[in-house]
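# Examining the three-dimensional arrangement
Each chain, written out:
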Amino acid sequence: MSIMIDSIKCVGCGKCAAVCPGSLIRIEEKKAVIKYPKDCWGCTSCIKECPVHAVKFYLGADIGGQGSLVHTEESGDILRWLIEHPDGRVTEIDINRKESNKY
Amino acid sequence: MKSEKLTTDILIIGGGTSGCYGALTIAESFPDVKVLICEKANIKRSGCLAAGVNALNAYITEGRKPQDYVDYARKDADGIVRGDLLLTMSELLNEVTERLEKLGLVILKDENGKYVTRGNRNLKINGENIKPILADAVNALPNVTVMNRVNITDFSVSDNVIKGAFGFGIDSGIFYTIEAKAVIVATGGAAGLYKPNNPGFSRHKMWYPPFNTGAGYAMGIKSGAEMTTLEMRFIALRCKDTIAPTGTLAQGVGAKQVNSLGEVYETKYGLTTSQRVYGTVMENIEGRGPCYLRTEGITPEQDESLLKAYLNMAPSQTIKWIESGKMPSQQNVEIEGTEPYIVGGHTAGGYWVDTNRQTTITGLYAAGDVSGGCPQKYVTGALAEGKIAALAAAEYISGRTVPEITESETAVYLSEAEKYLSGPKPRFTYEQLEEAMQTVMDSYAGGIKTNYRFNEKQLTLADEKILMLMKLSDDLHAESFHELMFIYELRERLIVCRSLIAHLKARKETRWHSFAENLDYPDRDDKNFSCYVNSKLVDGEIKIIKRELVGEGQIYEHNDRQH
Ligand SMILES: Cc1cc2nc3c(=O)[nH]c(=O)nc-3n(C[C@H](O)[C@H](O)[C@H](O)COP(=O)(O)OP(=O)(O)OC[C@H]3O[C@@H](n4cnc5c(N)ncnc54)[C@H](O)[C@@H]3O)c2cc1C
Ligand code: SF4
Ligand code: SF4
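Residues numbered from 1 in each chain as written. Chains lettered and ligands numbered in written order. Predicted model: local features only at pLDDT ≥ 70, side-chain atom pairs only at ≥ 80, totals over all residues. Heavy atoms only, no water.

Moving on, we come to the overall build of chain A. A count of helical and extended segments in chain A gives 2 helices and 7 strands. If you list the helices and strands of chain A from N to C, you get β-α-β-β-α-β-β-β-β. For 103 residues, the compact-globule estimate of 2.2 N^0.38 gives 13 Å, and the C-alpha radius of gyration of chain A, at 14 Å, lies within 12% of that figure. C-alpha extents for chain A along the principal axes are approximately 40 × 30 × 25 Å. (Helix = DSSP H or I, 4+ residues; strand = E, 2+ residues; numbered from the N terminus. Rg over C-alpha atoms; globule rule 2.2 N^0.38 Å.)

This is the structure we're talking about:
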């Protein structure tokens, strides 16, 4: 499991690199790069930071991943998770940050 | 490397759960005290809380007392806990919970404004942003300085009194000598000692943060601090592949552990944390695997709530459900045991401390997963210990001056770091040695490969091999400051491995299946091992110290500490 960064979209703001708990992302020539892809813990901190949704998260094939790319979009209290399937379908799940888990 | 000296009243190493709360406590009760937090990543999302947490696992619910929590933890650990530490922690659990809520954590309440509980000890929350909430509060404190991306590698100790620490900026490459009147170590536990469940591309998809590498333990061990109960390893029962927590399924929707025949097996082996892991191992050995949490038949509304709950703490599991097209109501969730970790917040391994969380080194305090004797801390217990250590450290420094770390002492540690940056390229990389270490631990010190079991001969071999890897790691070479951190992380882990092996060897009994299952001594031996197994590095050798249990209602003090 790891992340992919779309270097065309990336504006080099450095926010994803700042928060990674493993400091795995670096800014090189004004673009974010994941320096140690196999060291990613999968915490998704970086994708929640990116203002242009250039960082996407995926599950490795070794843990049963099927190639979907995941990012989040925030508006107000809503954190929307978007899971783009390889066939183009997108699953969206909205989380209200003011609401507790039911379980 | 450029070298700089910093001075502070209290140095907090690790800006995680405990470290952040320690800083908040000092700022509130001792506003004039200067605090420096050195964090290897960035306090916004560093440590255990990065992805969020699912619930507050440690809370004293209505009608219960702190002592009930002590009794529960003692039973779960088959007696090897410190009741005095558990009680002082439990007494603060509710206070820190209310504080978290004030800082912005969403906690579920009923129509009367009371917290909604899950079982006897848990509260339901939205824990996705728990770490940014803590970090924002800390960043707003005037007398607290946060240095992110500073990796601490060693303590400075003279005559058993703490003087500060050494570390370096992983971006800047600046070498820091930090003088402090007191130090709180809050670096979390140790992951990555053993070969993980998925050693290939997803090698870091482990439960415990792979970036908590046991630095705090290693620094303490090197400086002669006493450690306790490292042999009580923690092995988590987790969702297969994603290694996501299972509590939400087990306690949230009441899913039972079943084998592939659909039989509920948990009652057969017992319900303590280690017995649940052991039961799953045994069902697999006896041909009734794989094992599952029985979620089939839950409602679509429950499915939906689970998808959301997992996004708030372990998003991979939700993605897995969505990708497979099978919701938990349609398919039971397969479970497996993880590789072993050392985590003083779940089991009892870590620094040997008094009730102020002072270690056996004067002026050095330990809080959270790095601190021993006090299992089942979880988030709120880590906050509570952060508070206890902070108050004690702030009182300890009153009237003290900042100790001096001499240039010649700095030179020793600086030259070690520079050696890795400048030396010739050796045959091996840090990555190869890390893999070798994990393979050794997996094969000879009770990893997944041997169903967590070991015998004395295997442990002896493990120790020999770890020692050899330590020698090889002397010559490693770093191309960047980040790689320099990788080298230190590897060396920390090797130090922790050696102490762990010594502890596993010393407890010649099997009290906890899976956590410490010695095939040469398959039974529990209360006569000889109703005691703490502690250790200390003396003249380069690990010395084992057996200590009597601190009885119910008793309080342990460091009376035999040398300084
Ligand atoms: C995935 C996961 C889920 C969990 N879910 C729950 C839950 O739902 N409910 C619950 O109650 N508990 C939960 N827990 C347990 C709880 O989160 C931890 O016990 C607690 O957060 C530990 O706090 P800590 O301060 O000891 O460690 P951490 O919060 O991990 O802090 C350690 C900090 O030290 C830093 N550090 C490490 N080494 C160095 C170094 N050499 N120099 C500088 N900095 C360093 C790290 O980057 C990190 O920021 C969970 C734990 C994990 C791992
Ligand atoms: S998912 Fe987490 S560990 Fe992985 S790159 Fe992003 S921030 Fe780092
Ligand atoms: S947060 Fe997004 S835009 Fe900013 S550096 Fe990272 S990838 Fe680029």
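On to unusual backbone geometry. Cis geometry marks the peptide bond from Gly289(B) to Pro290(B); its omega dihedral reads -10°. Topologically, Pro290(B) is positioned in the loop between helix H9 (273-285) and strand E14 (291-293). With a phi close to 65°, Lys30(A) is a non-glycine residue in the positive phi region. Inspection of the secondary structure puts Lys30(A) in the loop between strand E2 (25-28) and strand E3 (31-34). On the accessibility criterion, Lys30(A) (70% relative accessible area) is exposed. For Thr229(B), which is not glycine, the phi dihedral falls at a positive 50°. By the secondary structure assignment, Thr229(B) is in the loop between strand E11 (227-228) and strand E12 (237-239). Since its relative accessible area comes to 1%, Thr229(B) is described here as buried. (Buried < 20%, exposed > 50% of the residue type's maximum accessible area, 1.4 Å probe, protein only.)

Further remarks concern the interface of chain A and chain B. Where the parts come together, the accessible area they lose is often given as the size of the interface. Taken residue by residue, the interface counts 50 residues in chain A and 61 residues in chain B. Carbon and sulfur atoms make up 57% of the area that chain A and chain B hide from each other, which totals about 4700 Å². The largest per-residue losses of area from chain A upon contact with chain B belong to Trp41(A), Asn101(A) and Tyr103(A), which jointly make up 21% of the total buried on that side. We note a salt bridge from Glu128(B) to Lys48(A), for which the minimum N-O separation is 2.6 Å. Our enumeration of links across chain A and chain B arrives at 28 residue pairs in polar contact (both at pLDDT 80 or more). Among the elements of the structure, helix H1 (15-19), helix H2 (45-49), strand E4 (55-58), strand E6 (78-84) and strand E7 (90-96) of chain A are those that each provide at least two residues to the side of chain A that touches chain B. Its residues assigned to classes, the side of chain A that touches chain B comprises 22 nonpolar, 17 polar and 11 charged. (Contact = heavy atoms within 4.5 Å. Buried area = accessible area lost by both parts, 1.4 Å probe. Salt bridge = Lys/Arg side-chain N within 4 Å of Asp/Glu carboxyl O. Polar contact = N/O pair within 3.5 Å; in protein donor to acceptor, adjacent residues only side chain to side chain. Nonpolar A, V, L, I, M, F, W, Y, C, P; charged D, E, K, R; others polar.)

What follows concerns the site of ligand 1. All names here are of chain B. The full set close to ligand 1 counts 33 residues, and Thr-17, Glu-39, Ser-46, Ala-55 and Asp-369 are the nearest of them. Between ligand 1 and Asn-57, the relevant distance is 3.1 Å, taken from an oxygen atom to a main-chain nitrogen or oxygen of the residue. One of the backbone nitrogen or oxygen atoms of Asp-369 is found 2.7 Å away from an oxygen atom of ligand 1. For ligand 1, the protein covers 97% of the area, taking 1000 Å² as the surface of the free molecule. Each residue belonging to the shell around ligand 1 can be placed in one class, and the counts come to 15 nonpolar, 15 polar and 3 charged. (Near = heavy atom within 4 Å. Areas by Shrake-Rupley, 256 points an atom, 1.4 Å probe, with all protein chains shown as cover.)

What follows covers the sheet that holds E12(B). Taking strand neighbours across the sheet as the criterion, the 4 strands line up as E12-E15-E14-E13 (chain B) in an open arrangement whose pairing is antiparallel. With partners counted over all chains shown, the strands left at the sheet margins are E12 and strand E13 (257-258) of chain B, one partner each. (Pairing = 2+ DSSP bridges.)

Quick look at a nonpolar patch on the surface now. All names here are of chain B. A cluster of nonpolar side chains, namely Phe-428, Met-468 and Leu-472, defines an oily patch on the protein surface of about 260 Å² accessible area. With respect to the helices and strands, Phe-428 occurs in the loop between helix H13 (407-422) and helix H14 (430-444). Phe-428 gets classed as partly exposed once you look at its relative accessible area, which sits at 37%. (Patch = residues over 30% accessible without salt bridge, like charges linked within 9 Å, V, L, I, M, F, W, Y side chains within 5 Å.)

Here the focus is the packing of helix H1 (residues 17-29) of chain B against helix H5 (residues 130-139) of chain B. Residue and element names in this part refer to chain B. Contact geometry of H1 with H5 gives a least axis separation of 9 Å together with a crossing angle of 30°. Every pair of crossing elements has a handedness; the one defined by H1 and H5 is left-handed. Along its contact with H1, which presents Thr-17, Cys-20, Tyr-21 and Leu-24, the element H5 presents Lys-131, Leu-134, Ala-137 and Val-138. The residue makeup of the contact of H1 with H5, split by class, is 6 nonpolar, 1 polar and 1 charged. (Axes fitted to C-alpha atoms, helices over the stretch in contact; angles between N-to-C directions. Left-handed = near helix turned anticlockwise from the far one by under 90°.)

Once that is clear, we can look at the pairing of E3(A). Across the two faces of E3(A) the burial differs, with Ala32(A) and Ile34(A) buried and Lys31(A) and Val33(A) not buried at all. Where E2(A) hands over to E3(A), the hairpin turn is made up of 2 residues, of which Glu29(A) adopts a positive phi near 50°.

Residue and element names in this part refer to chain A. With respect to spatial proximity, the complete set of residues near ligand 2 consists of Ile-3, Cys-20, Pro-21, Ile-34, Cys-40, Trp-41, Gly-42, Cys-43, Thr-44, Ser-45 and Cys-46. Judged by the fraction of its atoms near the pocket grid, ligand 2 is located in the largest cavity. Here the shell around ligand 2 is composed, by residue class, of 8 nonpolar, 3 polar and no charged. (1 Å grid on protein atoms, 1.4 Å probe; cavity = no way out; pocket = protein on both sides within 12 Å on 5 of 7 lines; lining within 4 Å. Sits in = over half its atoms within 2 Å of the grid points.)

The next point concerns the domain arrangement of chain B. Residue and element names in this part refer to chain B. When its domains are assigned, chain B resolves into domain 1 (237-337) and domain 2 (416-525). Each of domain 1 and domain 2 has a C-alpha centre, and the two are 31 Å apart. Every contact between the two is made by 8 residues of domain 1 and, on the other side, 8 residues of domain 2. Surface buried jointly by domain 1 and domain 2 totals about 700 Å² across both partners, of which 67% is contributed by carbon and sulfur atoms. It is Ser-274, Tyr-278 and Val-281 in domain 1 that bury the most area against domain 2; as a group they hold 59% of the surface buried on that side. Our count for the domain 1 to domain 2 interface comes out at 0 salt bridges. The interface formed by domain 1 and domain 2 includes 1 residue pair in polar contact (both at pLDDT 80 or more). (Domains from an automatic or database assignment.)

What follows deals with the sheet that holds strand E21 (residues 541-548) of chain B. Strand pairing in a sheet relies on backbone hydrogen bonds, with the paired strands running either antiparallel or parallel. Residue and element names in this part refer to chain B. With antiparallel pairing, 4 strands are arranged side by side in an open sheet as E16-E11-E20-E21. Lying at the two open borders of the sheet, with one neighbouring strand each, are strand E16 (350-351) and E21. Summarising the sheet, E11 and strand E20 (residues 531-538) pair through 2 bridges and their orientation is antiparallel. By the bridge assignment, Thr-228 is partnered in E20 with Asn-534. Against the sheet, helix H16 (residues 481-506) touches E11, E20 and E21, its axis set at about 45° to E21.

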